[in-house]
Amino acid sequence: MCPSCFANGCEINEHKNDHDYVIIKNDFPLTNNNSSWIAKQELELLNIVEQCGFGNWTDVARRMQGKSAEECKTHYLQNYIDGQALPDLPKIKETRASLFGCEIIPYMYKLHDVEEPPRFDTNTINAKLLAGYNAARSSFDVNFDNDAELLVCDLEYDEFQPHDNEHELGRALQAALAQAYNNRLKERARRRGIIRKHGLIAFRRVISWIQRYESTITRPIAERLLIFMQLMDGIEFDSLMEGLHYVGELKNRINKLLEFRQNGLKYFHSVPMFQNLSKLRQESERERKQYMNNPEYSWKSLLPDGSASSSIPGSTQRKTAPPLIVKGLPGYEKLSTEEIELCSVARVIPASYLDFKHLLITENKKCGYLRLAQARVLLKIDVNKTRKIYDFLMEKGYITKPPQ
């Protein structure tokens, strides 16, 4: 009984307000099975699991005094997940709100859009991107199959008389032309409906909407998915895109965790220190490159003439390009660790590398081997990049050299 209820003289079950009482603090067990966990520890465990996340028992044990990770895991699963042995635990009904925290909303929108429709001049880039749709007039400057009226403009109702031999055939031909014209009108209405239904008249919003998925779905895939807007309404399509966006966020999160693990990190409390050290290392590397690019501060300027021609101003020697940052680019998640290093050093986009790899392997299967000259003809890129890709695939056994 809480102090407030006790002060008001409340009575619970067989206890009356004139009975003897004992003051108990939060150092008593909540279960009747002689558990070593007291109420204070139970509350502390729930708070720590909420902060660290379910499953991170190592981090939970670090904050729980006198409890190991296995003890925390076993106690939590037995009393809160599997058996719910603790009394008076609330029975939470599984609903979308209880499972996801709140009702899932596919996208945010304004009920009353007061934004002025765009008015782009004819033949400008923005006008072409809207496919000629004039939002201020709610119509296309040039309609779909703009010459469709030529089908029916010369039709005459009484051109074929009942006594003519071609009466039935002529009438059928006129009906077919009219039906063809109606199909054109339906297609025009369908395209205009798609433009209005999906909000494509707000050109600026469409551009910002696609940019939202740059790091998850990526722009090329998002633009290819736009064709499905013809098969579903706006909310359904937004739900599809938001679902793919959430999948992309999960992939990025997994890749980040894998990066932490590859750098030797095993616990979340080590991540902030790792990130700070990585930031300091990047700043130091940037400063070092600035000093190296300046001949006045470079140690190469102290060498005898001719031995450090790359540091002499005006030298024609070509500098080595820095590695390409391929993380987050299209196709990055499909690469192995060695392929990521290859794309970074050779400065090749991961998606392009995958296409090159498939092309060379296919050609190798046709002939049973592949020459370097053939690879250069097929790829049509820088010869040095072709050589690096060719040597890498040769080393990994994807392609074979021609017989001597």
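Residues numbered from 1 in each chain as written. Predicted model: local features only at pLDDT ≥ 70, side-chain atom pairs only at ≥ 80, totals over all residues. Heavy atoms only, no water.

Note the threshold: UniProt positions are given in the numbering used here, feature names are shortened, and annotations may be inferred rather than shown by experiment.
In the nomenclature of an unreviewed UniProt entry, the protein chain is known as Transcriptional adapter 2A of Ooceraea biroi. What UniProt states about the protein chain under its Subcellular location (unreviewed entry) heading is, verbatim, "Nucleus".

## Topic: a nonpolar patch on the surface
Note the following rule: Residues with no salt bridge and a relative accessible area higher than 30% make up the patches, which join like charges within 9 Å and nonpolar side chains (Val, Leu, Ile, Met, Phe, Trp, Tyr) within 5 Å. Residue burial considers only the protein chains on display, and all accessible areas are found by Shrake-Rupley using a 1.4 Å probe. Each salt bridge in this description consists of a side-chain nitrogen of Lys or Arg and a carboxyl oxygen of Asp or Glu lying within 4 Å of one another. Helical segments are the DSSP runs of H or I of at least four residues, strand segments are the runs of E of at least two, and each set is numbered from the N terminus.
Residues Met-1, Phe-6, Ile-12, Tyr-21 and Ile-23 make up a contiguous nonpolar surface patch of roughly 570 Å² in combined accessible area. One can find Ile-23 in the loop between helix 1 (3-7) and helix 2 (39-52).

## Focus: the packing of aromatic side chains
This is how the line gets drawn: Centre distance within 6.5 Å is the pairing criterion for rings of Phe, Tyr and Trp, where only the six-membered ring of Trp is used; planes under 30 degrees apart are then read as stacked, over 60 as edge-to-face, and the remainder as tilted. Partly exposed residues are those whose accessible area sits between 20% and 50% of the maximum for their type, while under 20% is buried and over 50% is exposed, using a 1.4 Å probe and protein chains only. Lysine NZ or arginine CZ positioned within 6 Å of the ring centre and within 35 degrees of the ring normal marks a charge as sitting over the ring.
Following the criterion strictly, the structure yields 3 aromatic pairs and no others. Measuring from centroid to centroid gives 5.8 Å for Phe-260 and Phe-274, while their planes differ by 80 degrees, and the two rings are edge-to-face. One end of the pair, Phe-260, is in helix 10 (residues 234-262); the other, Phe-274, is in helix 11 (residues 271-293), with 14 residues separating them in the sequence. This pair shows no difference in class: Phe-260 is buried, exactly as Phe-274 is. One Lys or Arg, Lys-67, reaches over the ring of Trp-37 and ends 4.5 Å from the middle of that ring. The ring of Tyr-398 carries Lys-357 above its face, with NZ or CZ at 4.3 Å from the centroid.

## Observations concerning the environment of Leu-378
Assignment of secondary structure puts Leu-378 in helix 14 (residues 372-379). For the pair Leu-378 and Leu-360, spaced 18 residues apart in sequence, the C-alpha to C-alpha distance is 7.8 Å.

## Observations regarding helix 2
Selection rule: An expected span of 1.5 Å times one less than the residue number is assigned to each helix.
Here helix 2 is 14 residues long and its end C-alpha atoms lie 20 Å apart, about the 20 Å a rise of 1.5 Å per residue gives. The first or second residue beyond helix 2 is Gly-53, which carries a positive phi of 95 degrees.

## Section: the pattern of salt bridges
Enumeration over the complete set of coordinates arrives at 8 salt bridges. Arg-190 is paired through a salt bridge with Glu-187; the nearest N and O atoms lie 2.8 Å apart. You can see Arg-190 and its partner Glu-187 sitting in helix 7 (residues 167-197), 3 residues apart, about one turn around the helix. Overall, Arg-190 belongs to the partly exposed group, its relative accessible area being 35%. Judged by relative accessible area, Glu-187 falls into the buried class, the value being 18%.

## Topic: the side chain of Asp-59
Let me state the cut-off plainly: The charge count treats Lys and Arg as positive and Asp and Glu as negative. His and the chain ends do not count.
For Asp-59, the position within the fold is in helix 3 (residues 57-63). Although Asp-59 is buried, it makes no salt bridge; Arg-62 carries the closest opposite charge, 4.4 Å away.

## What to know about the nonpolar core
Defined as follows: The criterion is simple. A nonpolar core is a set of buried Ala, Val, Leu, Ile, Met, Phe, Trp, Tyr and Cys residues joined through side-chain atoms within 4.5 Å. Contact definition: two residues touch when any of their heavy atoms are within 4.5 Å.
Within the largest apolar cluster, 21 residues are counted, with the highest numbers of intra-cluster contacts made by Tyr-353, Leu-360, Ile-389, Tyr-390, Leu-393 and Ile-399. Those elements giving two or more residues to this core turn out to be helix 12 (337-346), helix 13 (350-367), helix 14 and helix 15 (383-396). Considering each element in turn, this core owes the most residues, 5 residues, to helix 15. In contact with Ile-389, not counting residues within four places along its chain, are Leu-342, Val-348, Tyr-353, Phe-356, Leu-360 and Ile-381. Core analysis: the next-biggest nonpolar cluster, separate from the first, contains 11 residues, Met-64, Cys-72, Tyr-76 and Tyr-80 among them.

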